[in-house]
Amino acid sequence: MNRFNHKTILVTGGSSGIGLATAQAYAAEGARVIVTGRDAAALDTALATLGSDAIAIRNDTGSAAAAKELAGALSARNIKLDAVFLNAGVAKFAPLADVDDALWDLTFNTNVKGPYFQIQALAPLLNPGASIVINGSINARIGMPSSSVYAASKAAVISLAKTLSAELLPVGVRVNVVSPGPVHTPIYGKLGLDQAALEATAAQIQAQVPLGRFGQPAEIASTVLHLSAPESAFIVGTEIIADGGMSQL
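The name given to the protein chain in an unreviewed UniProt entry is SDR family oxidoreductase, with the source organism recorded as Dyella halodurans. Comment text from UniProt for the protein chain, heading Sequence similarities (unreviewed entry), reads "Belongs to the short-chain dehydrogenases/reductases (SDR) family."

The following block contains the structure:
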């Protein structure tokens, strides 16, 4: 299919994992893709897989200033957007007793403040009919120990999809959320756990997935593309859960 021919689409955190898989899926269906990330080398590697008209912009989500910088970089190139996938985020787990200001601020700045102010800054660049998809998580729906700060940040963006859709619908923009369950991505290596704890955690999580496996980034990407395409024009302010049944069965 070529659902995104002549469309320009932004993917934040697009240099690895779900973000890269989604950017590649958009490009495969004809889109001009713009990806952001913090690591210049990773962005260069990603760019090589996205077609000759793709663009990579180094941008560290988490502040209103960074959001304005990103919007300014796009505006300077006279770019208008047909879809945005707000995927950049962090996942660091800690039990209640070990949570400090630094963990709280990093998580909420990256996962909530960043997307919020990106939507604010990018709104003037969105074409009528544009779609915004935010990457949520089923952690907002389940009571996984040590995930309290991360889960709360994802619950916040699920709420934003509703309130911001209500605000942006008059200009023809939809906001929705895709909430993945456990997916094979590099983010699992950044949870702050040692290797033994990481392996034990992964095995414990997989045992809770009715399908008996972790998801693949491409499986989440297909849902993001669906929410970005005209075929989903009647889906507004909602959440699609893709978790192998983990939070449903």
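From this point, the narrative continues.
Asks: Teacher, can you tell me more about the environment of Ala-161 here?
Replies: Checked against the element boundaries, Ala-161 lands in helix 5 (residues 148-168). For Ala-161 and Ile-132, which are 29 residues apart along the polypeptide, the C-alpha to C-alpha distance reads 8.7 Å. With near-sequence residues (within four places) excluded, Ala-161 lies in contact with Val-175, Asn-176, Val-177 and Gly-237.

Asks: So what exactly am I meant to see when it comes to the sheet that holds strand 2 (residues 32-37) here?
Replies: Taken in spatial order, the seven strands of this open sheet run 3-2-1-4-5-6-7, and their pairing is parallel. Looking at strand neighbours, the two that pair on one side only are strand 3 (55-58) and strand 7 (239-242), the edges of this open sheet. Strand after strand, the sheet turns through a mean of 20 degrees between neighbouring axes, direction not considered. Summarising the sheet, strand 1 (residues 8-12) and strand 2 pair through four bridges and their orientation is parallel. What sits directly across from Leu-10, in strand 2, is Ile-34. The strands that helix 2 (residues 40-47) touches are strand 2 and strand 3; relative to strand 3, the one it contacts most, it runs at about 170 degrees. Sheet strands touched by helix 5: strand 5 (126-135), strand 6 (174-180) and strand 7. Its angle to strand 6, the strand with the most contacts, is close to 160 degrees.

Asks: How do you make sense of unusual backbone geometry when you look at a structure like this?
Replies: Comment: phi is negative for the bulk of residues other than glycine, and the bulk of peptide bonds are trans. Residues other than glycine seldom take positive phi values, yet His-6 does so here, at roughly 65 degrees. Backbone geometry places Asn-78, a non-glycine residue, at a positive phi of 60 degrees. The topology assignment puts Asn-78 in the loop between helix 3 (64-76) and strand 4 (81-86). We classify Asn-78 as exposed; its relative accessible area is 71%.

Asks: Honestly, the packing of aromatic side chains in this entry has me stumped. Any pointers?
Replies: Two descriptors summarise a pair of aromatic rings, namely the distance from one centre to the other and the angle between the planes of the rings. Evaluated as defined, the whole model comprises four aromatic pairs. Ring plane angle 85 degrees and centroid distance 5.2 Å describe the contact between Phe-4 and Tyr-26, whose orientation is recorded as edge-to-face. Linking Phe-4 in the segment before strand 1 with Tyr-26 in helix 1 (residues 17-28), this pair joins segments that are 22 residues apart in sequence. The pair formed by Phe-4 and Tyr-26 is uniform in burial state, with each residue classed as buried. Between Phe-93 and Tyr-150, the aromatic rings sit 5.5 Å apart at their centres with planes inclined by 45 degrees, giving tilted as the arrangement.

Asks: Please explain the UniProt feature "domain: Ketoreductase" (unreviewed entry) in the protein chain as it appears in this structure.
Replies: This chain's UniProt record puts "domain: Ketoreductase" (unreviewed entry) on residues 7-181. Counting secondary structure, residues 7-181 comes out at 43% helix and 22% strand; the distance between its end C-alpha atoms is 29 Å.

Asks: I'm lost on the packing of helix 3 against helix 4 (residues 101-122) in this one. Help?
Replies: Working note: a packed helix pair is described by the angle between its axes plus the distance between those axes. One can describe the packing of helix 3 onto helix 4 by two numbers: an axis separation of 8 Å at closest approach and a directional angle of 35 degrees. The crossing of helix 3 and helix 4 is right-handed. Across the interface between the two elements, Ala-64, Ala-67, Lys-68, Leu-70, Ala-71 and Leu-74 of helix 3 pack against Phe-117, Gln-118, Ala-121 and Leu-122 of helix 4. Among the residues making up the contact of helix 3 with helix 4, the classes are represented as eight nonpolar, one polar and one charged.

Reading the values: rules and limits
- Residues numbered from 1 in each chain as written.
- Predicted model: local features only at pLDDT ≥ 70, side-chain atom pairs only at ≥ 80, totals over all residues.
- Heavy atoms only, no water.
- UniProt positions renumbered as here; feature names shortened; annotations may be inferred.
- Helix = DSSP H or I, 4+ residues; strand = E, 2+ residues; numbered from the N terminus.
- Contact = heavy atoms within 4.5 Å.
- Pairing = 2+ DSSP bridges.
- Axes fitted to C-alpha atoms, helices over the stretch in contact; angles between N-to-C directions.
- Buried < 20%, exposed > 50% of the residue type's maximum accessible area, 1.4 Å probe, protein only.
- Phe/Tyr/Trp six-rings, centres within 6.5 Å; stacked < 30°, edge-to-face > 60°.
- Left-handed = near helix turned anticlockwise from the far one by under 90°.
- Nonpolar A, V, L, I, M, F, W, Y, C, P; charged D, E, K, R; others polar.

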